[in-house]
Protein chains: 2
Amino acid sequence: MAKRKVGAAPTVYDVAGSAGVSIATVSRAIRSPDSVTPATRERVEEAIQRLGYVPSASARALADRRTGAYGLLLPGFDDIEDAVEPVPSDGAVRITDDRGSRSPVGGAPLYFDEVLRGAEVEAWRHGSALLVAVRRGQRQDISGRVDGLAVFGRAMSEEAIGQVARRMPVVLIADEQAAPEIDSVSVDNARGMRAVVEHVVGVLGIRDLAYLAGPKDSPDDAVRRHGFAEALAAHGVDRRRLRMRHGDFGRARAAAVAAELLAERVPRALLCANDQSALGALDAIHAAGLRVPEDILVTGFDGIEAGGYASPPITTVRQPMRALGGAAIRALEARIADPTAPPQHLTLSVEVLLRESCPPTL
Amino acid sequence: MAKRKVGAAPTVYDVAGSAGVSIATVSRAIRSPDSVTPATRERVEEAIQRLGYVPSASARALADRRTGAYGLLLPGFDDIEDAVEPVPSDGAVRITDDRGSRSPVGGAPLYFDEVLRGAEVEAWRHGSALLVAVRRGQRQDISGRVDGLAVFGRAMSEEAIGQVARRMPVVLIADEQAAPEIDSVSVDNARGMRAVVEHVVGVLGIRDLAYLAGPKDSPDDAVRRHGFAEALAAHGVDRRRLRMRHGDFGRARAAAVAAELLAERVPRALLCANDQSALGALDAIHAAGLRVPEDILVTGFDGIEAGGYASPPITTVRQPMRALGGAAIRALEARIADPTAPPQHLTLSVEVLLRESCPPTL
DNA sequence: GTGAAAGCGCTAACAG
DNA sequence: CTGTTAGCGCTTTCAC
């Protein structure tokens with residue numbers, strides 16, 4: 001058995017030595033098994049097993065001039081730096097009265113998680129790895145490690161995106177404000193919201209609606225709001241009777257805003273820009289002693305899990321989150337395959353899930 | 001301005017040429033700015049800006065003999081390959097009656113997402129990147145790309161773990177069955193469950209409990225179950241009066257199992273091995289026309305978001321998920337810093353959140 | 001303080 | 001089919 005420095009990972013040289021062939025043959029046996037004699041291949045494979053050899057992705061990347069990895073850049077959250085201090089168990093278990101309050105976890109993480117999984121699966125199919133980074137200071141040094149970058153709109157400044165795009169393929173995720181020259185994948189926010197209005201106004205015949213929007217600077221919110229207004233106009237609903245307030249996509253703020261709205265006058269239906277807001281609206285509605293859907297209908301948007309567990313379960317527009325992640329990676333692959341193709345902008349379709357908060361019929 | 005091959009990313013050579021220095025100096029100016037003259041440093045920095053140079057992580061890794069990245073291996077789910085086919089929007093929005101049914105997304109993803117974020121932040125603090133992979137066929141080729149691997153117990157066979165551990169630091173996450181010689185981080189499942197029993201039996205004075213367990217092969221479940229039984233024994237509750245059933249940690253199965261249990265006889269309290277199961281139990285309880293907490297108390301475990309949105313909100317044991325991810329990466333860093341230290345097994349403390357389904361007092 | 005040169009582990013011509 | 005060899009881009013002695 002060949003001796004080698006202990007502690008150091010075995011290399012092609014070790015394998016070659018151990019199998020009695022050249023390093024080139026080892027490389028071939030691994031990359032294109034058909035190009036070597038079955039006998040040689042077997043000896044190489046044995047040596048690999050024996051040594052526990054794993055190819056160095058770095059060396060391979062250097063020689064190949066491609067890393068075999070894609071990057072996914074997630075937006076950061078304000079609280080992202082918190083709560084990572086591990087608290088070793090000291091035997092005591094803290095007990096907290098959590099009634100009324102809620103754990104601060106928002107719905108957004110689930111959304112990203114699903115996109116991440118879709119992206120990971122697609123990358124894997126392509127034989128690539130997925131590098132995940134969360135936006136923070138300017139350290140976009142991840143760009144030296146990947147062949148392409150999928151970026152959530154809010155995760156990077158337009159300028160930085162342009163900078164990185166000079167060097168490698170970049171695809172924007174869920175950002176319909178996308179720079180027109182950069183590939184993008186997003187979901188059909190406008191049509192989704194229109195379909196909801198269609199149901200409420202067209203099917204249920206309700207014309208007294210209010211809208212609980214998200215933050216004013218959110219592109220997603222803008223598109224949904226627009227879809228809402230447009231559909232309403234199509235039905236000839238008087239714009240002036242329409243009431244709308246801005247929240248921040250968060251549950252707590254939504255509850256406060258909804259409470260104001262209800263205090264003014266209770267609309268027959270309250271459409272919310274996302275599920276978190278709808279959950280907040282539900283809080284306010286219950287606090288006001290109103291019933292859903294009897295007194296007021298509520299709808300959300302996104303399709304987060306918690307929406308289905310609310311009481312009543314919330315009607316929502318489900319985004320194809322996993323597909324979104326997969327599509328982003330595919331866009332990167334396509335761009336690498338053909339760098340000169342015109343920019344692609346893919347829009348995925350959404351699905352309305354009618355649940356108790358705004359049922360199929362009244 | 002220096003000409004260079006277009007399309008190819010600039011290298012140290014380009015920067016050196018453009019700045020009129022040697023590549024060694026470029027490297028120094030980047031790695032240890034103090035080791036070069038301020039004037040030189042500035043010229044190098046200018047050249048870097050001008051060229052849009054980004055160091056190649058691969059080349060650096062090769063020279064350094066470390067990749068500057070950690071890997072996180074997540075368990076796969078059966079449905080993970082599904083639903084990644086992007087459906088381009090054709091203008092039509094499907095509308096589905098989703099009452100009663102629920103979207104199939106489980107609570108697990110959220111859990112992993114939080115762990116992932118904790119790990120990413122910690123890796124970033126350490127100047128490293130985080131590579132994410134989901135368990136699939138034997139392709140654990142990710143091990144050639146990272147300096148250490150954090151693995152969820154179920155994500156890799158013991159054998160495979162041992163194999164990888166021969167080559168690089170490995171830390172097991174949330175797997176108390178951990179091989180004793182491999183570092184691990186987990187949460188205090190046993191104490192968490194004991195604290196719940198303590199509350200139900202000790203504080204609320206209830207002695208008629210049932211337990212809804214998870215799958216028989218889950219280490220997490222085993223530990224929680226053990227904590228439950230132990231605490232009960234400590235209070236002298238008759239083991240034979242104790243009823244327990246196994247579910248699969250999923251909501252649907254839990255509902256079915258809980259229904260059987262209730263049909264037999266309704267216990268005063270039903271403790272569940274995780275939140276998903278508790279949600280399922282709630283389904284069965286409501287279907288049976290029983291009220292929570294008046295007729296029966298329910299508790300879960302994990303602290304997933306949906307638990308707080310259920311009606312009533314579910315009392316649970318919150319795991320420090322983000323801290324868990326951070327701790328895993330720290331363990332890797334520690335192991336790299338001192339490869340000879342004895343194996344570390346860190347247990348993080350949990351917190352009981354008392355909510356309406358099992359309130360502080362009756 | 002700076003430059004020359006020798007690798008890091010692997011791939012891909014190019015010969016044989 | 002297999003071996004030799006020249007890089008891939010960067011870090012790091014070792015001289016100067």
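Just so it is clear, the model here is predicted, and its values are computed rather than measured. Chains are numbered independently. Their residues run from 1 in the order of the written sequence. Chains and ligands are labelled by the order in which they are written, letters from A for the one and numbers from 1 for the other. Note on the predicted model: pLDDT of at least 70 is required for a residue's local features to be given, and 80 or more for side-chain atom pairs to be given and counted; whole-chain, interface and lining totals, by contrast, use all residues. Hydrogens and water are ignored here; the side-chain numbers use all heavy atoms of the structure.

Some points on the protein's contact with DNA strand D
Put simply, the test is: Working definition: residue near molecule or strand if any one of its non-hydrogen atoms lies within 4 Å of it. Think of a polar contact as two N or O atoms within 3.5 Å of one another; within protein, one of them needs to be a possible hydrogen donor and the other a possible acceptor, and neighboring residues in sequence only count if both atoms come from side chains. Elements are defined by DSSP. Helices are runs of H or I of four residues or more, strands are runs of E of two residues or more, and each kind is numbered from the N terminus.
The environment of DNA strand D is formed by 26 residues, the closest being Thr-25, Arg-28 and Thr-40 of chain A together with Val-12 and Tyr-53 of chain B. Across the atoms of DNA strand D situated within 4 Å of the protein, the share located in sugar and phosphate is 63%. Thr-37 of chain A places a side-chain nitrogen or oxygen 2.9 Å from a sugar or linking oxygen of DNA strand D. Within the backbone of Ser-56 of chain B, one N or O atom sits 3.2 Å away from a phosphate oxygen of DNA strand D. Secondary-structure elements contributing two or more residues to the surface near DNA strand D are α2 (23–31) and α4 (57–64) of chain A together with α1 (12–19), α2 (23–31) and α4 (57–64) of chain B. It is α2 of chain B that provides the largest number of residues to the surface near DNA strand D, a total of 5 residues.

Regarding the nonpolar core
Selection rule: In these notes, a set of buried Ala, Val, Leu, Ile, Met, Phe, Trp, Tyr and Cys residues joined through side-chain atoms within 4.5 Å is what counts as a nonpolar core. Relative accessible area decides the class of each residue, using a 1.4 Å probe on protein chains only: under 20% of the type maximum gives buried, over 50% gives exposed, and in between gives partly exposed. Here, two residues are considered to be in contact whenever any of their heavy atoms come within 4.5 Å of each other.
Membership of the largest hydrophobic core comes to 149 residues, with the highest contact counts inside it found for Ile-173 of chain A together with Ile-173 of chain B. The contacts of Ile-173 of chain A, once residues within four sequence positions are left out, are Leu-72, Val-115, Ala-150, Val-151, Phe-152, Gly-153, Val-185, Leu-324 and Ala-328 of chain A. Ala-210, Ala-278, Ala-281 and Ile-314 of chain A belong to the second largest nonpolar core, which has 24 residues in total.

Considerations on unusual backbone geometry
Between Val-292 of chain A and the following residue, Pro-293 of chain A, the backbone shows a cis peptide bond with an omega angle of 5°. In this structure, Pro-293 of chain A sits in the loop between α10 (275–287) and β10 (297–299). The omega torsion across Ser-311 of chain A and Pro-312 of chain A is -5°, close enough to zero to call that bond cis. Its location among the elements puts Pro-312 of chain A in the loop between α11 (305–309) and β11 (316–318). Positive phi outside glycine occurs at Arg-65 of chain A, with the angle close to 60°. Inspection of the secondary structure assignment puts Arg-65 of chain A in the loop between α4 and β1 (69–74). Residue Arg-65 of chain A is classed as exposed on the basis of its relative accessible area, which comes to 75%. Residues other than glycine seldom take positive phi values, yet Asp-302 of chain B does so here, at roughly 130°. Among the secondary structure elements, Asp-302 of chain B is positioned in the loop between β10 (297–299) and α11 (305–309).

Regarding the packing of α4 of chain A against α4 of chain B
To be explicit about the condition: Between N-to-C directions, angles cover 0 to 180 degrees, with each direction set by a line fitted to C-alpha atoms, over the stretch in contact for helices. Each angle is binned into one of four classes, with values under 35 degrees roughly parallel, values over 145 roughly antiparallel, values of 65 to 115 roughly perpendicular, and all other values oblique. By definition, turning the near helix anticlockwise from the far helix through less than a right angle yields a left-handed crossing, and turning it clockwise yields a right-handed one. Gly is placed with the polar residues, together with every amino acid not listed as nonpolar (Ala, Val, Leu, Ile, Met, Phe, Trp, Tyr, Cys and Pro) or charged (Asp, Glu, Lys and Arg).
The interhelical angle for the contact between α4 of chain A and α4 of chain B, taken along N-to-C directions, is 135°, at an axis separation of 8 Å. Here α4 of chain A lies oblique to α4 of chain B, going by the angle between them. Pair α4 of chain A / α4 of chain B crosses with left-handed handedness. Residues Ser-58, Ala-59, Ala-61 and Leu-62 of chain A of α4 of chain A form the contact with α4 of chain B, whose participating residues are Ser-58, Ala-59, Ala-61 and Leu-62 of chain B. Counted by class, the contact of α4 of chain A with α4 of chain B contains 6 nonpolar, 2 polar and no charged residues.

Details of the confidence of the model for chain A
Residues and elements named next belong to chain A. The following threshold applies: One confidence number per residue, pLDDT, is output by the predictor and ranges from 0 to 100.
Mean pLDDT for chain A: 87, with 89% of residues reaching 70 or above. In this model, residues 78–83 is a region of pLDDT below 50 whose contacts with residues beyond four sequence positions or in other chains number 11 contacts. Within the model, pLDDT remains below 50 along residues 102–107, and this stretch shows 15 contacts once partners closer than five positions in the same chain are excluded.

Section: the protein's contact with DNA strand C
Every one of the 27 residues lining DNA strand C counts as a neighbour, but Val-12 and Tyr-53 of chain A together with Thr-25, Arg-28 and Thr-40 of chain B are closest to it. Within the side chain of Thr-37 of chain B, an N or O atom sits 2.9 Å from a sugar or linking oxygen of DNA strand C. Listed by contribution, the elements that provide at least two residues to the surface near DNA strand C are α1 (12–19), α2 and α4 of chain A together with α2 and α4 of chain B. Take the surface near DNA strand C: its biggest share by element is 5 residues, from α2 of chain A. Its residues placed into classes, the surface near DNA strand C shows 13 nonpolar, 8 polar and 6 charged.

Examining the pairing of strand β3 (residues 129–134) of chain A
Residues in a regular strand project their side chains so that they alternate between the two faces of the sheet. In plain terms, the rule: Only strands that DSSP links by at least two bridges are regarded as paired with each other.
Across the 6 residues that make up β3 of chain A, a large majority, 6, are buried. Neither face of β3 of chain A is left uncovered, since the one carrying Ala-129, Leu-131 and Ala-133 of chain A and the one carrying Leu-130, Val-132 and Val-134 of chain A both have all their residues buried. Pairing between β3 of chain A and strand β3 (residues 129–134) of chain B: 3 bridges, direction antiparallel. Bridging across to β3 of chain B, Leu-131 of chain A finds its partner in Leu-131 of chain B.

Quick look at the packing of α1 of chain B against helix α3 (residues 38–51) of chain B
All names here are of chain B. At a closest axis distance of 9 Å, the pairing of α1 and α3 adopts a crossing angle of 120°. With respect to α3, the element α1 is oriented oblique. Crossing of α1 against α3: the hand is right-handed. From α1, Asp-14, Val-15, Ser-18 and Ala-19 reach across to α3, where they touch Arg-43, Val-44, Ala-47, Ile-48, Arg-50 and Leu-51. In terms of residue class, the contact of α1 with α3 is built from 6 nonpolar, 1 polar and 3 charged.

What about the side chain of Ser-357 of chain A?
Residues and elements named next belong to chain A. Here Ser-357 shows up in the segment after β13 (351–354). A polar atom in the side chain of Ser-357 sits 2.8 Å from the backbone nitrogen of Thr-315. If we skip the residues at most four places from it in the chain, Ser-357 touches Val-292, Pro-293, Leu-297, Val-298, Pro-312, Pro-313, Ile-314 and Thr-315.

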